[in-house]
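Here's the letter readout for the chains.
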Amino acid sequence: MSGTLVDARGLHCPLPVIRLAAAAKGLPAGTELTVLSTDPAAKLDVPAWCRMRGHEHVSTVEHTGDRDGWAVTVRLA
Amino acid sequence: MSHATPGTPSRVHLDNGGRAPWHPLARQAFEQALGDGWADPRRLHAEGRRAARLLDGAREAVAAVLGARTQEVHFTPGHTASLQTAVASAAAGRRRAGSTVVTSAVERAAVLQAAAYTAAAAGAHPAGVTEPAARPGGPVPVDRLGRVDADAMIAAIRAPGVALAALQHANGEVGTVQPVEVVHDAARAAGVPLLVDAGASVGHVAVPGAWDLLAADPADWGGPAGVGVLAVRQRVRTASAGPEDEDPWAPGGVSVPLAFAAAVALQAVEADRVEQAARRRALVDRVRAQVSHIPDVEVVGDPEGRLPHVATFSFLYVDGEALVTELDRHGFAVGSGSACTSSTLEPSHVLAAMGVLTHGNVRIALDRATTADEIDRFCAVLPGAVARVREMLGVGGL
């Protein structure tokens with residue numbers, strides 16, 4: 001895993017997906033990116049973005065406690 | 001057009017789901033009933049009896065459209081109250097069988113909340129409908145088009161401890177029609193009553209016969225808000241879930257003028273329903289085709305098995321609130337299921353359950369008065385509105 005991290009915590013839809021797309025621009029196929037988000041819409045919309053762009057949704061992990069939110073990992077096509 | 005005044009375009013209201021303008025005959029009926037039906041229909045004097053006759057006539061007219069007996073039709077304080085009372089009283093009538101209310105994941109929030117409440121009150125499951133599809137024993141999932149997994153729903157209905165099942169006739173947010181017949185057959189065989197929420201469909205498509213309890217929404221078909229319709233087959237065992245009242249379906253009684261106007265509106269929209277459905281279906285098909293040419297859009301809901309007047313789509317990299325505002329500025333009123341347009345900042349549970357894009361969502365529901373010209377103007381304005389909102393977010397090239 002390349003470990004590329006996009007911190008979109010505190011941002012509302014559609015900004016987490018836009019930040020992820022901007023970070024993904026120009027990266028080679030197979031790169032994995034993880035977006036951190038506190039917006040409940042992001043955990044739904046990142047997989048939808050993957051579907052529309054042909055990328056692969058790898059995992060969604062929910063964080064609780066002092067780091068509330070979700071870490072959604074994708075693999076670029 | 002020669003009569004159009006430049007600079008003052010007329011408003012085009014395309015957000016008619018659950019709150020359509022009154023049908024002209026409903027206004028007339030309301031006026032008449034204010035004169036003849038203002039009195040309390042439960043009182044025995046001439047004025048009361050006259051109001052009671054109007055109310056009886058209204059029930060009879062609604063029953064004829066719903067394929068129900070007159071005594072099976074009840075007026076309620078509104079559609080949400082219909083759904084809450086239906087779940088509570090049908091579940092209470094079967095409390096010996098269990099307390100589980102099986103629902104699809106795309107039922108109205110009122111149904112999901114009532115189901116959770118019923119289960120929590122019986123100590124069976126925790127209340128709350130967050131993550132509805134993910135919880136085992138929770139609402140039954142739907143596919144990408146929004147149609148419930150009928151096999152999973154039937155399996156859930158056959159499980160022990162089920163008091164009631166609830167499946168909408170059609171989804172008002174995305175238009176997808178549900179397989180109520182096959183689910184009703186299975187529910188009947190299992191001895192479980194089925195509540196059908198037909199709040200988005202009655203007045204627009206033929207009323208299904210496959211129900212044990214049926215809720216319909218006058219405000220959606222061009223009747224008044226503030227009154228609901230709930231039909232309960234005589235064979236269904238119900239029990240009062242609240243304090244005693246002469247009218248358990250509408251404690252204190254309903255407004256006779258509202259009920260009468262609702263019934264007259266329903267008769268009026270039924271009279272040319274087939275023509276209206278064909279006309280609006282053609283317009284919705286035109287919208288869906290035109291919208292699909294806008295870059296990065298998901299046109300949502302079943303392309304075939306759908307309501308004739310509802311269209312929904314989500315635009316990638318678009319802020320739903322900004323798009324609704326931009327369209328409003330250009331004279332078009334539309335709805336949205338995006339999180340940023342809701343008071344809770346949660347996206348529509350319907351879009352979430354379908355797994356479609358929830359941001360940049362626009363939903364339109366055509367009124368009977370919506371014209372082809374208005375739809376053409378909407379289709380002409382939408383691509384520019386989407387582009388402007390995307391420009392504001394600087395998403396070019398993504």
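Only a predicted model underlies this, so the values are computations on that prediction, with no experimental measurement involved.

What counts as what
- Residues numbered from 1 in each chain as written.
- Chains lettered and ligands numbered in written order.
- Predicted model: local features only at pLDDT ≥ 70, side-chain atom pairs only at ≥ 80, totals over all residues.
- UniProt positions renumbered as here; feature names shortened; annotations may be inferred.
- Helix = DSSP H or I, 4+ residues; strand = E, 2+ residues; numbered from the N terminus.
- Pairing = 2+ DSSP bridges.
- Axes fitted to C-alpha atoms, helices over the stretch in contact; angles between N-to-C directions.
- Contact = placed C-beta atoms within 7 Å.
- Domains from an automatic or database assignment.
- Nonpolar A, V, L, I, M, F, W, Y, C, P; charged D, E, K, R; others polar.
- Parallel < 35°, antiparallel > 145°, perpendicular 65-115°, else oblique.
- Left-handed = near helix turned anticlockwise from the far one by under 90°.
- Core = buried A, V, L, I, M, F, W, Y, C linked by C-beta atoms within 7 Å.
- Buried ≥ 20, exposed ≤ 12 C-beta atoms within 10 Å, placed from the backbone.
- Arc of directions from axis to C-beta.
- Expected span 1.5 Å × (residues − 1).

### Describing the UniProt feature "domain: UPF0033" (unreviewed entry) in chain A
Under the present numbering, the feature "domain: UPF0033" (unreviewed entry) in UniProt falls on residues 6-30 of chain A. Note that residues 6-30 of chain A is 40% helix and 8% strand, and that its end C-alpha atoms are spaced 17 Å apart.

### Examining the sheet that holds strand S3 (residues 56-63) of chain A
Residue and element names in this part refer to chain A. The mixed open sheet is built from four strands, whose spatial order is S1-S2-S4-S3. Across the chains shown, the open sheet's two edge strands, defined by having one partner strand only, are strand S1 (4-7) and S3. Direction aside, the axes of adjacent strands within the sheet are offset by 20° on average. For strand S2 (residues 32-37) and strand S4 (residues 69-75), the ladder comprises six bridges, and the chain directions are antiparallel. The residue of S4 that forms the bridge with serine 37 is tryptophan 70. Packing against the sheet, helix H1 (residues 15-24) makes contact with S1 and S2, and its axis sits at approximately 155° to S2. In this fold helix H2 (residues 40-53) packs onto S2, S3 and S4, with an angle of close to 10° to the strand it touches most, S4.

### With respect to the sheet that holds strand S8 (residues 297-300) of chain B
Residues and elements named next belong to chain B. Read from one edge of the open sheet, three strands run S8-S9-S11, paired in antiparallel fashion. What marks the edges here is a single partner per strand, and that holds for S8 and strand S11 (361-365). Strand-to-strand, the axes of this sheet are offset by a mean angle of 20°, without reference to chain direction. Two strands pair when backbone bridges link them, and S8 and strand S9 (residues 310-315) are joined in this way by four bridges, in the antiparallel orientation. Looking at the pairing, valine 297 lines up with phenylalanine 315 of S9.

### Some remarks on the domain arrangement of chain B
In many reports, interface size means the accessible area that the parts give up when they come together. All names here are of chain B. For chain B, the assigned domains are domain 1 (24-271) and domain 2 (273-393). Computed over C-alpha atoms, the centres of domain 1 and domain 2 are 27 Å apart. Residue composition of the side of domain 1 that touches domain 2, by class: 14 nonpolar, nine polar and four charged.

### What about the packing of helix H1 (residues 24-36) of chain B against helix H8 (residues 256-271) of chain B?
All names here are of chain B. Following both chains from N to C, one finds H1 and H8 inclined at 150°, their axes separated by 8 Å at the closest point. Considering their axes alone, H1 and H8 lie roughly antiparallel with respect to each other. Note that H1 runs across H8; the crossing there is right-handed. Along its contact with H1, which presents Leu25, Ala26, Ala29, Phe30, Ala33 and Leu34, the element H8 presents Val256, Pro257, Phe260, Ala261, Val264, Ala265 and Ala268. Within the contact of H1 with H8, the residues separate by chemical class into 13 nonpolar, no polar and no charged.

### Regarding the nonpolar core
All names here are of chain B. Grouped together as the largest cluster of nonpolar side chains are 149 residues, with contacts concentrated most on Val87 and Ala259. The biggest single contributor to this core is H8, with 12 residues. Per-domain counts for this core show at least three residues from each of domain 1 (24-271) and domain 2 (273-393). Those residues in contact with alanine 259 that lie beyond four places of it in its chain are Leu55, Ala58, Phe75, Val227 and Val254.

### Quick notes on the environment of serine 89 of chain B
All names here are of chain B. With respect to the element layout, serine 89 can be found in helix H3 (residues 79-93). Taking the C-alpha atoms as reference, serine 89 lies 5.1 Å from threonine 238; in sequence the two are 149 residues apart. Setting aside residues no more than four positions away along its own chain, serine 89 makes contact with Thr238, Ala239, Ser240 and Ala241.

### Overview of helix H6 (residues 180-190) of chain B
All names here are of chain B. Among the residues making up H6, those that are buried are Val180, Val183, His184 and Ala187. Considered in projection along H6, the buried side chains sweep an arc of 100° and stay on one side of the axis. The inward-facing, buried residues of H6 abut helix H5 (150-158), strand S4 (162-166) and strand S5 (194-197). Phi for glycine 191, located one or two positions after H6, is positive at around 75°.

### A word on helix H2 (residues 46-66) of chain B
All names here are of chain B. The end-to-end C-alpha distance of H2 is 30 Å, a good match for the 30 Å that 21 residues give at a rise of 1.5 Å each. The set of residues buried in H2 consists of Ala51, Leu54, Leu55, Ala58, Arg59, Val62, Val65 and Leu66. Relative to the axis of H2, the buried residues are bounded by an arc of 135° and lie together on one face. Relative to its buried face, H2 has exposed residues pointing more than 90 degrees away, namely Ala46, Arg49 and Asp56. Those residues of H2 that are buried are in contact with H1, strand S2 (73-76), strand S6 (213-216), strand S7 (228-232) and H8.

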